[in-house]
Amino acid sequence: MTEHRRWQVLAVIDRRIRSADECWIFETEDYYNSWWTLAELAALAYIRQYDPDAMPKIMLCTPTSDGFHIREAAPDYIQTWTEKAAREFGWLLSNSDPLSGCY
């Protein structure tokens, strides 16, 4: 995907996460190395920064030899951004959104 297309996908991910009551993270060995995963976590960080009422409950599910270890994420699981970083992220997200962006 082009960089712009990735931002468009991220805008869709952001919209979907905002409409959910829970966000489940399936923690596999490669989960944190995926572009898709980083997009989800970035969307959650942006929501936490500017729209905490829309923040879904985050559930972590880790596969184990006995099944799954399921727990709610700690309050600090999603990183906090500086105001500058959050504004820049929001600008990029807004201008890439296929429903509202400028082309």
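A short tour of the structure in this document, coming up. As the structure is a prediction and not an experimental result, all values here were calculated from the model.

### Concerning the packing of helix α1 (residues 3-18) against helix α3 (residues 83-96)
No. 1: The contact between α1 and α3 brings their axes to 8 Å, and the two run at 95°. As judged from the angle between their axes, α1 and α3 are roughly perpendicular. Counted together, His4, Trp7, Gln8, Leu10, Ala11 and Asp14 of α1 and Phe89, Leu92, Leu93, Asn95 and Ser96 of α3 form the full contact between these two elements.

### Remarks on α1
Owing to its 3.6 residues per turn, the α-helix brings residues three or four apart onto one side.
No. 1: Relative to the 22 Å expected for 16 residues at 1.5 Å per residue, α1 spans 23 Å between its end C-alpha atoms, a close match to the ideal helical length.
No. 2: If you check which residues of α1 are buried, you get Trp7, Gln8, Val9, Leu10, Ala11, Ile13, Asp14 and Ile17.
No. 3: Of the surrounding secondary structure, the elements contacted by the buried residues of α1 are α2 (35-50) and α3.
No. 4: The backbone nitrogen of Arg5 has a side-chain oxygen 3.1 Å away, supplied by the residue at the start of α1, namely Thr2.

### A short note on the packing of aromatic side chains
Each aromatic ring pair is described using two quantities: the centre-to-centre distance and the angle formed by the ring planes.
No. 1: This structure, assessed with the given rule, holds seven aromatic pairs.
No. 2: Seen in terms of ring centroids, Trp35 and Trp36 are 6.2 Å apart; in terms of plane orientation they differ by 65°. Their pairing is edge-to-face.
No. 3: Looking at Trp35, the relative accessible area reads 28%, which means it is partly exposed.

### Regarding the sheet that holds strand β2 (residues 57-64)
No. 1: Read across the sheet, three strands follow the order β1-β2-β3 without closing on themselves; strand pairing throughout is mixed. The open sheet has two edge strands, β1 (22-26) and β3 (67-72), and neither has a second partner. Strand-to-strand, the axes of this sheet are offset by a mean angle of 25°, without reference to chain direction.
No. 2: By the bridge criterion, five bridges tie β1 to β2 in an arrangement that is parallel. Bridge assignment links Cys23 to a residue of β2, and that residue is Ile58.

Calculation criteria
Residues numbered from 1 in each chain as written. Predicted model: local features only at pLDDT ≥ 70, side-chain atom pairs only at ≥ 80, totals over all residues. Heavy atoms only, no water. Axes fitted to C-alpha atoms, helices over the stretch in contact; angles between N-to-C directions. Helix = DSSP H or I, 4+ residues; strand = E, 2+ residues; numbered from the N terminus. Parallel < 35°, antiparallel > 145°, perpendicular 65-115°, else oblique. Contact = heavy atoms within 4.5 Å. Expected span 1.5 Å × (residues − 1). Buried < 20%, exposed > 50% of the residue type's maximum accessible area, 1.4 Å probe, protein only. Polar contact = N/O pair within 3.5 Å; in protein donor to acceptor, adjacent residues only side chain to side chain. Phe/Tyr/Trp six-rings, centres within 6.5 Å; stacked < 30°, edge-to-face > 60°. Pairing = 2+ DSSP bridges.

Geometric values such as these leave the question of function open.
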